[in-house]
Amino acid sequence: MSRRPVIIGVLLTLLMLGRGWHSLTQKSATFDEWGHLESGLAVCARDSGVFPFALTNLINPPLARILAASAVGHREWRAASLPPPEAPRCRAERKWRERLGAFPFRYDVDSVALVHRARLPVLVFSLLGIPLLMALARETGHPRAAPWAAMVYALCPNVMAHARLITPDLPVSVLCLATMLAWLRLQRRPSPSRVLVAGAILGMALATKYSAGLLLPVLVFAPLLALCENRFRALICSTLAGLLAAGLLIGLYSLTAVPFVTPSAVAVAEHGEEIARFLPLMKTWVGRHLAMPVVLYRYGAVVAGRAVMKSFLMEHHRFGGWLSYFPIAMAVKTPLAQLVALSLGAGWACRRRAWNPSLVWVAAFPAAYLAVTLAKGIQVGLRHVLPVYPFMALAAGMLLAAWWRAGGGRRWVSAALTLGMLGEGLSVHPHYLAFFNLGTGGPDRGYRYLVDCNLDWGQDLPALAEFQRRERTGTLTLSYFGNDLPERYGVDYQVLCAPHGAAPPPQGVYAISATQLQGLYQFPARLDGMAWFRQRAPTRLVGHSILVYDLRLEGGVSSETDDLTAEDALLKNGSR
């Protein structure tokens with residue numbers, strides 16, 4: 001291999017590492033991060049009594065959470081001596097305080113430094129996508145596309161958005177990519193060492209997130225193709241790798257076996273009549289300490305269909321979502337230059353017949369993954385299709401490399417697309433989670449298309465504190481979507497207790513998270529507490545996710561609110 005791709009790969013790794021580290025230190029904990037971290041610490045401590053609220057088996061498989069918890073260390077966790085909370089003014093504020101009293105605020109730790117340390121292993125793990133993509137490009141017969149594919153991956157804002165969060169979304173994306181590479185090499189040149197590598201990587205992917213189970217239907221075709229070609233050694237090796245992956249999955253799950261994990265608990269935790277209907281006979285097989293049947297139960301639930309949740313798309317709400325949700329989300333949150341490269345690349349590959357059996361088999365996974373995801377009942381964010389993005393980077397890199405080599409006008413097109421990806425990726429730094437492409441009007445208009453983890457996941461408390469200090473706004477009236485404590489970042493606020501509907505609110509400065517503004521988890525649905533704010537343009541956007549309305553110069557009508565009205569304004573409490 002020439003020295004130039006290696007140098008490019010190293011430079012891209014350093015660029016991605018620097019951008020990711022700076023970004024993660026500028027953001028507060030997102031909605032799901034504390035739950036993942038506490039569960040990982042409970043697994044590492046091997047004592048569920050230390051972290052009594054960690055449901056280690058009910059959220060996701062444990063590997064990504066263990067990865068994040070490994071950076072925190074085995075310190076002595078002491079209960080924090082916090083001052084008694086002030087009496088809440090309304091039921092909404094009481095619920096707010098109950099939700100924000102979760103981990104790590106029960107313990108005497110620096111929560112800001114804690115989340116920064118725990119994010120670092122995930123960021124480092126995400127860097128593996130660069131050499132893996134370069135290796136996969138060579139294995140599929142396109143070595144010249146290797147540095148281009150790695151560049152598209154490293155510059156993609158959606159990759160950067162989740163590369164520095166304590167979630168399993170990007171780790172499982174990297175492991176799916178590594179699995180396809182390992183099994184492709186196993187089929188071509190079977191050996192005992194490659195059996196171990198392929199099985200271990202597949203097992204780690206399955207132990208990171210339940211959606212990785214969609215790898216299995218694609219990998220089944222590998223031994224079938226080997227059987228058709230009379231490559232019995234490859235067939236045997238594939239079977240052994242699959243058994244090794246199953247053994248690794250069982251072993252990792254045995255770490256998280258806790259007495260209260262039963263099928264009924266699983267069904268309740270997932271709000272799931274649909275899960276409860278899946279293979280009811282399995283209920284008789286599961287004892288209180290058996291982990292593997294619970295794993296099978298949960299994987300079966302993913303295939304059979306998850307519980308339905310409320311979705312938001314382009315100012316509309318719906319339970320169960322839309323078939324068009326993820327295509328639209330990808331269209332508005334993928335850089336325009338990358339979309340153009342993918343469109344041109346598809347036409348170029350078909351016309352030049354640039355496909356080969358290896359490439360077709362590799363492309364089968366993102367196609368199958370996207371097809372199954374379209375019908376999911378949970379449509380809250382682009383992160384659910386994030387494993388598709390490394391393969392999209394490979395496809396875009398193939399076109400850029402081919403057109404650069406062709407010379408003439410095509411070389412200029414390739415250069416322009418590369419500069420476009422670079423510009424769009426850097427323009428949103430460090431607010432990668434809030435990225436929307438120029439076709440939608442950019443990040444400042446993103447809240448009109450998508451919310452929740454597409455834009456507003458509770459990550460912009462540091463930016464809100466800086467805005468408050470710089471503008472000297474005084475006490476903010478805050479409606480915040482997240483599980484972090486605003487006062488930890490120096491935010492002076494009071495909770496927005498009551499919905500105002502179409503009536504003007506009292507004078508003051510209001511800071512409203514985009515997810516709250518769109519009322520995604522507001523209940524009951526008949527009450528629209530943010531209608532007055534939605535009809536007006538915000539004064540400022542903080543981090544593109546928190547909308548500020550300065551009403552100090554406008555008249556307002558204050559109103560007394562009863563307990564029922566306050567609760568109607570409350571964000572739905574729960575982890576997805």
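Owing to the predicted nature of the structure, the values given are computational and were not obtained by experimental measurement.

In this model, helix α1 (residues 3-24) (22 residues) spans 32 Å end to end at C-alpha, consistent with the 32 Å of a helix rising 1.5 Å per residue. Every buried residue belonging to α1 is among P5, G9, L12, M16, R19, G20, S23 and L24, and all of these are buried. Down the axis of α1, the buried side of the element spans an arc of 120 degrees, and every buried residue falls inside it. Facing away from the buried side of α1 by over 90 degrees, the exposed positions are R3, R4, L11 and L14.

Here we take up helix α10 (residues 192-206). Compared with an ideal rise of 1.5 Å per residue, which puts 15 residues at 21 Å, α10 spans 21 Å between its outermost C-alpha atoms and is within 8% of the ideal. Buried within α10 are the following residues: V195, A198, G199, I201, L202, G203, A205 and L206.

This brings us to the nonpolar core. Judged by nonpolar contacts, the single largest core of 121 residues is most densely connected at M16, Y153 and F533. Considering each element in turn, this core owes the most residues, 13 residues, to helix α9 (residues 169-188).

For the rest of this paragraph, the subject is the confidence of the model for the chain. Averaged over all residues, the pLDDT of the chain equals 77, while 71% of them reach at least 70. Between the elements of the chain, mean pLDDT differs from a low of 33, seen in helix α24 (residues 563-568), to a high of 95, seen in helix α8 (residues 157-163). Between residues 257-294, whose pLDDT stays under 50, and residues either more than four places distant or in other chains, the model counts 61 contacts.

Okay, the pairing of strand β1 (residues 310-313) next. Residues of β1 alternate between two faces, with K310 and F312 on one and S311 and L313 on the opposite face, all of them buried. Note that β1 and strand β2 (residues 316-319) share four bridges and pair antiparallel. By the bridge assignment for β2, S311 is matched with R318. Where β1 hands over to β2, the hairpin turn is made up of two residues, of which M314 adopts a positive phi near 50 degrees.

This next bit is on unusual backbone geometry. The residue after H429, namely P430, is reached through a cis peptide bond having omega 0 degrees. Considering the arrangement of structural elements, one finds P430 in the loop between α20 (409-427) and α21 (461-471). Positioned with a positive phi, M314 is a non-glycine residue whose angle comes to about 50 degrees. Along the chain, M314 turns up in the loop between β1 and β2. Positive phi values are uncommon outside glycine, yet E315 reaches one of about 65 degrees. Within the secondary structure, E315 is located in the loop between β1 and β2.

Structurally, L215 can be placed in helix α11 (residues 215-228). Residues contacting L215, with those up to four places away along its chain left out, are C176, T179, M180, L202, A205 and F365.

Quick look at the pattern of salt bridges now. Evaluation of the coordinates by the stated rule reveals 13 salt bridges. Between D169 and K209 there is a salt bridge, with its nearest N and O atoms 2.4 Å apart. Of this pair, D169 sits in helix α9 while K209 is found in the loop between α10 and α11, placing the two residues 40 residues apart along the sequence. Classification of D169 as buried rests on a relative accessible area of 1%. Here R383 ties to D169 by a salt bridge, and the two come within 3.3 Å at their closest N and O atoms.

Procedures and definitions
- Residues numbered from 1 in each chain as written.
- Predicted model: local features only at pLDDT ≥ 70, side-chain atom pairs only at ≥ 80, totals over all residues.
- Heavy atoms only, no water.
- Helix = DSSP H or I, 4+ residues; strand = E, 2+ residues; numbered from the N terminus.
- Expected span 1.5 Å × (residues − 1).
- Buried < 20%, exposed > 50% of the residue type's maximum accessible area, 1.4 Å probe, protein only.
- Arc of directions from axis to C-beta.
- Core = buried A, V, L, I, M, F, W, Y, C linked by side-chain atoms within 4.5 Å.
- pLDDT = per-residue confidence, 0-100.
- Contact = heavy atoms within 4.5 Å.
- Pairing = 2+ DSSP bridges.
- Salt bridge = Lys/Arg side-chain N within 4 Å of Asp/Glu carboxyl O.

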